[in-house]
Amino acid sequence: MADTVEEPQLQNGAASGESKAEQHPIPEPQLQTEATTTSEIPEIETDATREGLQPVVTDAKPEEVQSEVIDVKPELTKVNLSPGGSEEIPIRSTEVDQGSSTTDQQSHIVLKKEDEGNKTFTMRELLSELKSEEGDGTPHSSVSPFSRESASQPAESNPAMDLINRIQVNDEEGRSRQRVLAFAARKYASAIERNPDDHDALYNWALILQESADNVSPDSVSPSKDDLLEEACKKYDEATSLCPSLYDAYYNWAIAISDRAKMRGRTKEAEELWEQATNNYEKAVQLNWNSSQALNNWGLALQELSQIVPAREKEKVVRTAISKFRAAIRLQFDFHRAIYNLGTVLYGLAEDTLRTGGSGNGKDMPPGELYSQSAIYIAAAHSLKPSYSVYSSALRLVRSMLPLPHLKVGHLTAAPVGNSLAPHSDWIRSDFELNHERLLQILKPEPREMRRNLSGKSEAMNTKVEKKTVKVNIAEIVSVTPCADLTLPPGAGLCVDTVHGPVFLVADSWESLDGWLDAIRLVYTIYARGKSDVLAGIITG
């Protein structure tokens, strides 16, 4: 369930409609909400064979309804939930407006100066240096780390430099960009010759190789995209060996490995590469637990891996992917790529459960509920980004799986209104309905008592007792959190704090609680972003 949707399918990661300028590679530690894999939130494209929704890779290209799929063509017949709809979120580059010029786009790419610690310079600065050297031959500055002297140092025997020098680009924009990348490559090659232990130079050298791989056409042979990515991975390996705390290096290294894995289909070699990618995303998250992009990309890599591993291991890998997408969303409630990807992976799990009957442990969520949950996340992603065609196409495929005219319905246990400290025996398990405006308890009418009148006929007694129901308006919510308290009945506790005070509820299981937590938070996030009308249109038609 990243640039993938040309037919209605769910994709992971990034939308095909999004330009790479929107993707976020990482030259320096920079977190972006909508990043893309080296391809782009992290771009993971996967060839899904199964029909259904596909994940949108933060850096992936939307082609089918997949984890975050962004450019999906509306088709109501097939929904491919296999990973690859969205793109991974790379850290290497920053967002650039599609209409900006090549020079402007280049100026947004930030790299580290090897001679100045963690300070940064832009591609615009590199371009200025390059033009200066090509002009009158006068160095831009006698003390500049980009002086001609430093640029002419690298040995021609350097295999990485040889790859850069052999790149042939057909279009003018690509040639201009590649000249700047080659210029920077010479700088870093010289820096590494002077100091082989310069981890910043090695890291930036790897970024140059990874960026250059994007400039190479897929059918190029000398050098191939894979050759450049392989060399970039070697540089990342050296950089992290020298400095194990380089979060950016692990993140972009994982993206480079993912790109190499995509070229190998569903082979044993691809499986090994996806495992390496997940290991590097894990290291990146250990270094920066607050990175929603790394978590999303990690989930996408796991989703891709689940398509290759033996059947007996698939469910475990899929459930781990679900946990990563969910963790990304809880760090950033409006992270629509991760929201969409979670919907696609749940759709895929529903299909697998329907086909195999589940694991048979009695605790599996039924396929119908999984389909409904999948639809909730896809509807939320569309509400946050209604302009993404991938989300729109996926929504058309799953909207009927929602409990319309509501977003979510299910059971929760609640105390009598106004008495949260009531004895457990007074708490009532009842139906709850969630829509774009409120969470509402639905109490079933009690059976009416009958009595006989004087003529012997039965008649209903008027024993109406007005019972108050729990009602939480979305606009009044302050926070939604899980809670554990001895005053609550057994189960998974949930606290919805409002401007009028807290409302305590208990879900039937922790898995059920996750669904309620996410649904309520997403509805509130959509309201806070001013998109409630979009959600209302989805569930009310």
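Above this text is the structure in question.
In this report, the structure presented in the accompanying data block is examined. (Residues numbered from 1 in each chain as written. Predicted model: local features only at pLDDT ≥ 70, side-chain atom pairs only at ≥ 80, totals over all residues. Heavy atoms only, no water.)

### Examining the overall build of the protein chain
Turning to step 1, where the next piece is worked out: Check the secondary structure of the protein chain and you find 16 helices and 13 strands.
Turning to step 2, where the next piece is worked out: Residues counted as buried form 57% of the 541 residues belonging to the protein chain.
Turning to step 3, where the next piece is worked out: Working note: accessible area of the protein chain is about 22700 Å², and carbon and sulfur atoms make up 49% of it. (Helix = DSSP H or I, 4+ residues; strand = E, 2+ residues; numbered from the N terminus. Buried < 20%, exposed > 50% of the residue type's maximum accessible area, 1.4 Å probe, protein only. Areas by Shrake-Rupley, 256 points an atom, 1.4 Å probe, with all protein chains shown as cover.)

### Re the nonpolar core
A general feature of soluble globular proteins is that nonpolar side chains tend to end up buried together.
Turning to step 1, where the next piece is worked out: Ile164, Trp205, Leu494 and Ile520 are the most contacted members of the largest nonpolar core, which totals 122 residues.
Turning to step 2, where the next piece is worked out: Judged by nonpolar contacts, the second largest core, of seven residues, contains Ala415, Ala422, Trp427 and Val506. (Core = buried A, V, L, I, M, F, W, Y, C linked by side-chain atoms within 4.5 Å.)

### Description of the side chain of arginine 521
Turning to step 1, where the next piece is worked out: Locating arginine 521 in the fold gives a position in helix H15 (residues 510-528).
Turning to step 2, where the next piece is worked out: Within the buried set, arginine 521 has no salt-bridge partner at all; the shortest N-O distance to an opposite charge, 4.7 Å, is to aspartate 518.
Turning to step 3, where the next piece is worked out: At a separation of 2.8 Å, a polar atom in the side chain of arginine 521 contacts the main-chain carbonyl oxygen of valine 480.
Turning to step 4, where the next piece is worked out: Leaving out residues up to four positions away in the same chain, arginine 521 has contacts with Arg330, Phe333, Val480, Thr481 and Pro482. (Lys, Arg positive; Asp, Glu negative; His and termini not counted. Salt bridge = Lys/Arg side-chain N within 4 Å of Asp/Glu carboxyl O. Polar contact = N/O pair within 3.5 Å; in protein donor to acceptor, adjacent residues only side chain to side chain. Contact = heavy atoms within 4.5 Å.)

### Observations concerning helix H8 (residues 247-262)
Three- or four-residue spacings in an α-helix give side chains the same orientation, since the helix completes a turn every 3.6 residues.
Turning to step 1, where the next piece is worked out: Across its 16 residues, H8 extends 23 Å between first and last C-alpha, which sits within 8% of the 22 Å expected from 1.5 Å per residue.
Turning to step 2, where the next piece is worked out: Along H8, 15 of the 16 residues are buried, which leaves the element largely enclosed by surrounding structure. (Expected span 1.5 Å × (residues − 1).)

### Considerations on H15
Turning to step 1, where the next piece is worked out: With 19 residues, H15 extends 27 Å between its outermost C-alpha atoms, agreeing within 8% with the 27 Å of an ideal straight helix rising 1.5 Å per residue.
Turning to step 2, where the next piece is worked out: Two residues or fewer after H15 comes glycine 530, characterised by a positive phi angle close to 75°.

### Quick word on the sheet that holds strand E6 (residues 428-434)
Turning to step 1, where the next piece is worked out: Pairing is antiparallel in the open sheet, where seven strands are placed in the order E10-E7-E6-E5-E13-E12-E11. Of all the strands in the sheet, just strand E10 (471-473) and strand E11 (477-483) have a single pairing partner and so form its edges. Going across the sheet, the axis of each strand differs from the next one's by a mean of 30°, ignoring polarity.
Turning to step 2, where the next piece is worked out: Sheet topology places strand E7 (residues 438-442) next to E10; three bridges connect them, and they run antiparallel. Looking at E10, one finds that leucine 439 is bridged to valine 472.
Turning to step 3, where the next piece is worked out: Running at roughly 165° to E11, H15 makes contact with strand E5 (408-414), E6, E7, E11, strand E12 (492-498) and strand E13 (501-507) of the sheet. (Pairing = 2+ DSSP bridges. Axes fitted to C-alpha atoms, helices over the stretch in contact; angles between N-to-C directions.)

Spatial relationships are all this shows, so hold off on functional conclusions.
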